[in-house]
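Tertiary structure, described
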Amino acid sequence: GAGVSQSPSNKVTEKGKDVELRCDPISGHTALYWYRQSLGQGLEFLIYFQGNSAPDKSGLPSDRFSAERTGGSVSTLTIQRTQQEDSAVYLCASSLEGDSNLGGYTFGSGTRLTVV
Amino acid sequence: SQQGEEDPQALSIQEGENATMNCSYKTSINNLQWYRQNSGRGLVHLILIRSNEREKHSGRLRVTLDTSKKSSSLLITASRAADTASYFCATRDTGFQKLVFGTGTRLLVSP
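Figured I'd write up the structure that's included with this text. (Residues numbered from 1 in each chain as written. Chains lettered and ligands numbered in written order. Predicted model: local features only at pLDDT ≥ 70, side-chain atom pairs only at ≥ 80, totals over all residues. Heavy atoms only, no water.)

Turning our attention to the sheet that holds strand β6 (residues 55-58) of chain B. Residue and element names in this part refer to chain B. Taken together, 5 strands build an open sheet; the order of strands is β1-β3-β8-β7-β6 and the sheet is antiparallel. On the outer flanks of this sheet lie β1 (5-7) and β6, each paired with one strand and no other. Adjacent strand axes in the sheet meet at a mean angle of 20 degrees when their direction is disregarded. Taken together, the 6 bridges between strand β3 (residues 19-24) and strand β8 (residues 71-76) define a ladder with antiparallel strand orientation. Paired with Ser24 across the two strands is Ser71, which belongs to β8. (Pairing = 2+ DSSP bridges. Helix = DSSP H or I, 4+ residues; strand = E, 2+ residues; numbered from the N terminus. Axes fitted to C-alpha atoms, helices over the stretch in contact; angles between N-to-C directions.)

Below, the structure is given as structure tokens:
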């Protein structure tokens, strides 16, 4: 596609339920990143996928968070047993290659998650 | 963790004025990038400056990088109301793949 697509754009869930957030990166982009942004805050790194390499999961805040990237394309971020502090905008980005010094990331519009 | 800190946190100016935002970081970097965010959703990449570059221009944007001081500045000349947004710097550390974002500067340009 022309840009990074994220779905859903908004998600309201009850505390304790599981949620899945989807990211469809730009075709041909080998690197994919998940960040989250709490209200009025900066971006917090969650996880990074690069080609067939093992993902960098160093930013995942707890074992309730996991992510997959199937076939080097679409990625799903799963949050189990959601808590109110998980409420944030979850942003996905992709780039041509992880170590590129040529260009920046292309971000999706994000999923606004609200845990009630 | 966040490495970059933008200064000021908020900036309010009139149309036509110049806006300057500063970013400080802590480690050795491969490159530094500036992004813009409208309405708390997706970010848009503005400009990238490599660690061996000192200044870069793109339209009304001018970015400087001082690796000895671990700082960068973003200058927007002749600002417009449409420039109202949050601006973030992001650094790619040498040897690491991911970008680390700063805390952002909220810019308000009044007509």
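The rest of the description comes next.
A word on the pairing of strand β7 (residues 75-79) of chain A. Residue and element names in this part refer to chain A. β7 sits mainly inside the fold: 4 of its 5 residues count as buried. Examined bridge by bridge, strand β3 (residues 19-24) and β7 share 5 bridges and lie antiparallel to one another. Across the sheet, residue Arg22 finds its bridge partner in β7, namely Thr76. In this sheet, β7 lies alongside strand β6 (residues 65-69) in antiparallel orientation, the contact comprising 5 bridges. Note on β7: the bridge partner recorded for Glu68 is Thr76. Hairpin connection between β6 and β7: a loop of 5 residues separates the two successive antiparallel strands, and Gly71 in this loop has a positive phi of roughly 60 degrees. (Buried < 20%, exposed > 50% of the residue type's maximum accessible area, 1.4 Å probe, protein only.)

Once that is clear, we can look at the interface of chain A and chain B. At the interface, 28 residues of chain A touch 22 residues of chain B. Across the chain A to chain B interface the summed buried area is about 2000 Å²; carbon plus sulfur atoms make up 44%. The interface formed by chain A and chain B includes 1 salt bridge. Going through the elements one at a time, β4 (31-37), β5 (44-50), β8 (88-95) and β10 (111-115) of chain A are the ones with two or more residues in the side of chain A that touches chain B. If you tally residues by element for the side of chain A that touches chain B, the top one is β4(A), at 3 residues. Of the residues contributing to the side of chain A that touches chain B, the split by class is 10 nonpolar, 15 polar and 3 charged. (Contact = heavy atoms within 4.5 Å. Buried area = accessible area lost by both parts, 1.4 Å probe. Salt bridge = Lys/Arg side-chain N within 4 Å of Asp/Glu carboxyl O. Nonpolar A, V, L, I, M, F, W, Y, C, P; charged D, E, K, R; others polar.)

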